[in-house]
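# Residue-level structural notes
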Amino acid sequence: MTNDELMLEAIRLSVENVANGGGPFGAVIARGGEIIATGVNRVTADNDPTAHAEVSAIRRAARALGTFNLSGCEIFTSCEPCPMCLGAIYWARLDKVYYANTKADAKAVGFDDSFIYDELALPQAERRLPSEEMLRSEALKAFELWSGKTDKTEY
């Protein structure tokens, strides 16, 4: 499939998902023009705030390929990824992101992620979500064990 065809499939999925009661987001992960996995927004259907189209597609692609490293694959998404999805795309090591609607388009219809970008730019103490470090010395044990592990799978 061409890049245009792959994007049209992501868009088709987003339109179909709205018709089925879901959010207006669809994603396709492809390698060499072949679809590996697709995903749609399932936040309200699954009561899962992480069930965005991109994350759903990444989970399916990783299962299909039997790896957490999706190098060699690209993602086509009907909308510019939110901060969570962008983070997942980086962690999955996808080679490229193609998107149709922009974050400004999403904001115009009620999907405004700008507050997250604004919060991340602030020093931790100034963010709306309070956070507090605790029991760090106890938690470091897991990192020490990981660091000394000779048979670990790096990621």
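To be clear, the structure that these remarks concern was listed above.
Presented here is an overview of the structure given in this document. (Residues numbered from 1 in each chain as written. Predicted model: local features only at pLDDT ≥ 70, side-chain atom pairs only at ≥ 80, totals over all residues. Heavy atoms only, no water.)

### Concerning the packing of aromatic side chains
Scanning the model with the defined rule gives four aromatic pairs in all. Here the aromatic rings of phenylalanine 68 and tyrosine 155 are separated by 5.9 Å at their centres, their planes lie at 70°, and the arrangement is edge-to-face. Residue phenylalanine 68 is found in the loop between helix H3 (53-65) and strand S3 (74-79), and its partner tyrosine 155 is found in the segment after helix H7 (136-148); the two are separated by 87 residues along the sequence. An angle of 5° between the planes, with centres 4.5 Å apart, marks the rings of phenylalanine 76 and tyrosine 98 as stacked. Placement of phenylalanine 76 in strand S3 and of tyrosine 98 in strand S4 (residues 96-101) is noted, with a sequence separation of 22 residues between them. (Phe/Tyr/Trp six-rings, centres within 6.5 Å; stacked < 30°, edge-to-face > 60°. Helix = DSSP H or I, 4+ residues; strand = E, 2+ residues; numbered from the N terminus.)

### Comments concerning the side chain of asparagine 41
Mapped onto the secondary structure, asparagine 41 falls in the loop between strand S2 (34-40) and helix H2 (43-46). With a relative accessible area of 11%, asparagine 41 lands in the buried category. The residues touching asparagine 41, leaving out its near neighbours within four places in the chain, are Asn17, Gly22, Gly23, Phe25, Ala51, His52 and Ala53. (Buried < 20%, exposed > 50% of the residue type's maximum accessible area, 1.4 Å probe, protein only. Contact = heavy atoms within 4.5 Å.)

### What about the pairing of S2?
In this structure, strand S1 (residues 26-31) lies alongside S2, joined through six bridges in antiparallel fashion. Bridge pairing in S2 links glycine 26 to valine 40. Between the antiparallel neighbours S1 and S2 lie two residues, among them glycine 32 with a positive phi of about 60°. (Pairing = 2+ DSSP bridges.)

### Some remarks on the side chain of glutamate 119
Among the secondary structure elements, glutamate 119 is positioned in helix H6 (residues 114-121). Here the side chain of glutamate 119 touches arginine 128 through a polar contact of 2.7 Å, landing on its backbone nitrogen. Residue contacts for glutamate 119: discarding those within four places in its chain leaves Arg127, Arg128 and Leu129. (Polar contact = N/O pair within 3.5 Å; in protein donor to acceptor, adjacent residues only side chain to side chain.)

### Regarding the nonpolar core
Ile29, Ile58, Ala61, Leu70, Ile75 and Leu94 are the most contacted members of the largest nonpolar core, which totals 17 residues. Every element with two or more residues in this core is listed here: S1, S2, H3, S3 and helix H4 (83-92). Ranked by residue count, the leading element in this core is H3, at four residues. Discounting residues that sit within four places of it in the chain, isoleucine 29 has contacts with Glu34, Ile35, Ile36, Ala37, Ala57, Ile58, Ala61, Leu70, Cys73, Glu74, Ile75 and Leu94. Membership of the second largest hydrophobic core comes to nine residues, among which are Met7, Ala10, Phe76 and Tyr98. (Core = buried A, V, L, I, M, F, W, Y, C linked by side-chain atoms within 4.5 Å.)

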